[in-house]
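Spelled out, the chains give:
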Amino acid sequence: MTYAITQTCCADAACVAVCPVNCIHPTPQERDFGSTEMLYVDPRACIDCGACADACPVDAIVPVDRLTGPQQAYAEINAAYFAGTPVPGPAEDSPNFHAWDRPAFDRVLPADFRPLRIAVVGTGPAGMYTAQDLLLHTNAEITLVDRLPVTGGLVRYGVAPDHPATKKIGDTFARFHTHPRVRMLLGLEVGEHVSVQEIAAHHDAVVYAVGASGDRRLGIPGEDLAGSLSATTFVAWYNAHPDVAPDAVDLSAERVVVVGNGNVALDVARILVTDPERLAGTDIADHALRALRDAAVREVVLLGRRGPEHAACTRPELLALTQLPGVDLVIDDHDPRIGRAIDAAGPHEVAALLREVRREQVDWSRPPAAGRRIVLRFHSAPTEFVGGDGEDDARVRAVRVTGGGGDTLLSATTVLRAIGYRGTPVPGLPFDETTGTVPHDKGRVAGLPGTYVVGWIKRGSSGGIGANRACAAETVTSLLADAVQGVLPAPGHPAKSFPRLARRRAPQLVDARGMAAIDRAERLRGGRDGRPRAKLATVEDLVTAARRRSVR
């Protein structure tokens, strides 16, 4: 028997570090690491020890004989990754099945090195991997800062509610909240309550892990009509983000058009057509569950500018879409290039998963067919969001797309743009408007000694949760190298002065005990209905829960 890595793989390589026979690839030392959709277990080398499953923070590694339903495909997916590669054998003159690299000690700090005071701004995966790295390898004192009164970032507000295993990475990060060398200051916004200069003056170094909360624009007429929303807004809405109002999304029409076919687009489509009762046992926002129960949506159209061979989603996410209970998946066969590309796709290509999906030429002049379905329409570039007439001209009524030899008008009053996240400027930090990132050199912010970036604000909105581990390691390596060389500016204030400043500037500040109280309150609310948690959706409710130390 062997193990297989499944859909929820976070690719942070925690499993690679514990595997005694090096059967999980690509490793962080290999060229393909960070560019593959997930990691893979070589069934020819796996010795069934289970160490990888124990180390996996998202429960993605499962014995092959326990795979059920859609997960059974991952036995073949893991094996196929190694097809055509040599069968592992003992290294020359060694009983080991692979050659070990020489030990590398990239971070050697002097024995008498003083504890650093480091602020990490942002408590999503990038920020928490940074804090974890610093806590495990140094004696640094960490101040965790977040503009929201609750931790989690992308894990809390970006992962779809029907992916609970992926959210388990949050439990790994939560163990650092009460670490004796960690201080937590939530509800404190850099640029609003404190300046970049002020936070720098109180710490040896500051690492910004603020993510990419903005969205990319299409730049076409009608993009700002009512009913045209970014997918980032929709994702935040169903995840109870305080920045998005409960009534921000209108689901009164039968058809929703989603521009894009990446993983976020697939998440959005899946949530829109999934039976709401299947979501009732998740941590989806209360207001989103009510809206989905009352929704008229029966069809979601995913628009891809290019062909299926260039689909931006990963195979695991598309595979899950093909097996969604009670939902038909259809390919609009309006262009002969679509079928040719699918039929010619190799076994490792995303398009190959679409071979068994029904193809038809959809008549867009008619209302959506009966039942619930998702339509994949490739070679279709949106050129205009068309408004209505008269009093309704401020709302989108249709999407004009170009492709397949002409224009097509798709009627829709809700259109979601899922073409990527984009970083937003932090007042006081340099910002590259073209890339939506902070200019840096291996994490060092240009022109600001002692200031660093990590995550999407550093590299752009690419890579999933686990990619932030390697990203954080690079930034921390740069920070520690600067510390050893003595180029970090020394703090100008004692350690206790910054928390005092924060409390004066942000009266709704939440600390670690407050965060624990929020967690208890949400779990208690959710437990009453058989849910893992019921999220509090406003800043006021979160702060109130934080101040209620005992939950009844």
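The preceding data block contains the structure.
Every chain begins its residue count from 1, and numbering advances along the sequence as written. The predicted nature of this model means local features are confined to residues of pLDDT at least 70 and side-chain atom pairs, given and counted, to a pLDDT of 80 or more, with totals for whole chains, interfaces and linings taken over all residues. In computing side-chain properties, one takes all heavy atoms of the structure into account and sets aside hydrogens as well as water.

**Topic: helix 19 (residues 539-547)**
Step number 1: For each residue, the accessible area found with a 1.4 Å probe, counting protein chains only, is set against the maximum for its type, and the residue is called buried under 20%, exposed over 50%, and partly exposed in between. By the criteria applied, helices consist of DSSP H or I runs no shorter than four residues and strands consist of E runs no shorter than two, each listed in order from the N terminus. Those residues of helix 19 that sit buried are Leu542, Val543, Ala545 and Ala546. The buried residues of helix 19 occupy an angular sector of 160 degrees when the element is viewed end-on, so they sit on one face. Exposed residues pointing more than 90 degrees away from the buried face of helix 19 are listed as Glu540 and Arg547. As used here, the arc belongs to the directions running from the helix axis to the C-beta atoms.

**Some points on the sheet that holds strand 14 (residues 358-360)**
Step number 1: Between any two strands, pairing holds if DSSP finds at least two bridges. Within the open sheet, the seven strands sit side by side as 10-19-11-12-15-13-14. Their pairing is parallel. Each edge of the open sheet is held by one strand with a lone partner, namely strand 10 (228-230) and strand 14. Sheet twist, expressed as the mean angle between neighbouring strand axes with direction ignored, is 25 degrees.
Step number 2: With four bridges joining them, strand 11 (residues 255-259) and strand 19 (residues 414-417) adopt parallel strand pairing. By the bridge assignment for strand 19, Val259 is matched with Arg417.
Step number 3: Only heavy atoms matter for contacts: two residues are in contact if any of them lie within 4.5 Å across the pair. Orientation is described by axes fitted as lines to C-alpha atoms, over the contacting stretch for helices, and by angles from 0 to 180 degrees between their N-to-C directions. Helix-sheet contacts for helix 10 (residues 263-273) involve strand 11, strand 12 (299-303), strand 15 (373-377) and strand 19, and the interaxial angle to strand 12 is about 170 degrees.

**Concerning the packing of aromatic side chains**
Step number 1: For Phe, Tyr and Trp, where Trp contributes only its six-membered ring, two rings pair if their centres lie within 6.5 Å, and the inter-plane angle classes them as stacked under 30 degrees, edge-to-face over 60, or tilted in between. Enumeration over the complete set of coordinates arrives at six aromatic pairs.
Step number 2: Plain terms: the ring middles of Tyr40 and Tyr81 are 4.2 Å apart, the flat faces sit at 10 degrees to each other, and that makes the pair stacked. Here Tyr40 is found in strand 3 (residues 40-41), whereas its partner Tyr81 is found in helix 3 (residues 73-81), with 41 residues between them in sequence.
Step number 3: For Tyr81, a relative accessible area of 24% corresponds to the partly exposed category.
Step number 4: Ring geometry for Phe234 against Tyr238: centres 5.4 Å apart, planes inclined by 85 degrees, an arrangement best described as edge-to-face. A residue pair is termed a helical-turn pair when its members lie 3 or 4 positions apart in one helix, as Phe234 and Tyr238 do in helix 9 (residues 231-238) at four residues.
Step number 5: The exposure class of Phe234 is buried, given its relative accessible area of 0%.
Step number 6: Among the aromatic residues, those joined into a ring-pair cluster are Tyr40, Tyr81 and Phe82.

**Concerning the pattern of salt bridges**
Step number 1: The salt bridge definition used is simple: a Lys or Arg side-chain nitrogen within 4 Å of an Asp or Glu carboxyl oxygen. Scanning the model with the defined rule gives 36 salt bridges in all.
Step number 2: Of the charged contacts, one joins Arg533 and Asp519 as a salt bridge, the two residues approaching to 2.6 Å between their closest N and O atoms. Taken together, the residues span a long stretch of sequence, with Arg533 in the loop between helix 18 (512-527) and helix 19 and Asp519 in helix 18 at a distance of 14 residues.
Step number 3: The class of Arg533 is buried, set by a relative accessible area of 14%.
Step number 4: Via salt bridges that share partners, Arg156, Asp171, Asp519, Glu522, Arg523 and Arg533 belong to a single interconnected network.

**Things to note about a positive patch on the surface**
Step number 1: Residues Arg183, Lys496, Arg500, Arg503 and Arg504 make up a contiguous surface patch of positive charge.
Step number 2: For the positive patch, the leading source of residues is helix 17 (residues 497-505), giving three residues.
Step number 3: Considering the arrangement of structural elements, one finds Arg183 in strand 7 (residues 182-186). To count toward a patch, a residue needs a relative accessible area over 30% and no salt bridge; like charges are then connected within 9 Å, while nonpolar side chains (Val, Leu, Ile, Met, Phe, Trp, Tyr) are connected within 5 Å. For accessible areas, the Shrake-Rupley method is used with a probe of radius 1.4 Å. Any residue's cover is judged against the shown protein chains and nothing else. Only four residue types enter the tally: Lys and Arg on the positive side, Asp and Glu on the negative side, with His and both chain ends excluded. Note on charges: their place is set at NZ of Lys, CZ of Arg, CG of Asp or CD of Glu.

**Digging into the packing of helix 3 against helix 13 (residues 315-322)**
Step number 1: Running from N to C, helix 3 and helix 13 point in directions that differ by 155 degrees, and their axes come no closer than 12 Å. Put simply, helix 3 runs roughly antiparallel to helix 13. Handedness of the crossing formed by helix 3 with helix 13: right-handed. The residues of helix 13 that touch helix 3, namely those facing Ala73, Tyr74 and Ile77, are Arg315, Pro316 and Leu319.
Step number 2: Any residue that is not Ala, Val, Leu, Ile, Met, Phe, Trp, Tyr, Cys, Pro, Asp, Glu, Lys or Arg is counted as polar, Gly included; the first ten are nonpolar and the last four charged. Grouping the constituent residues of the contact of helix 3 with helix 13 by class yields five nonpolar, no polar and one charged. Orientation categories follow fixed angle ranges, with anything under 35 degrees roughly parallel, anything over 145 roughly antiparallel, 65 to 115 roughly perpendicular, and all other angles oblique. Each helix crossing is assigned a hand: it is left-handed if the near helix lies turned anticlockwise from the far helix by less than a right angle, otherwise right-handed if that turn is clockwise.

**A closer look at the sheet that holds strand 16 (residues 381-387)**
Step number 1: Pairing in this open sheet of three strands is antiparallel, and the strands run 16-17-18 from one edge to the other. Both outer strands of the open sheet, strand 16 and strand 18 (406-411), are each paired with one neighbouring strand and no more. For this sheet, the mean inter-axis angle between neighbouring strands, taken without regard to orientation, is 25 degrees.
Step number 2: In the sheet, strand 17 (residues 396-403) pairs with strand 18 via six bridges, with the strands oriented antiparallel. Across the sheet, residue Thr402 finds its bridge partner in strand 18, namely Asp407.

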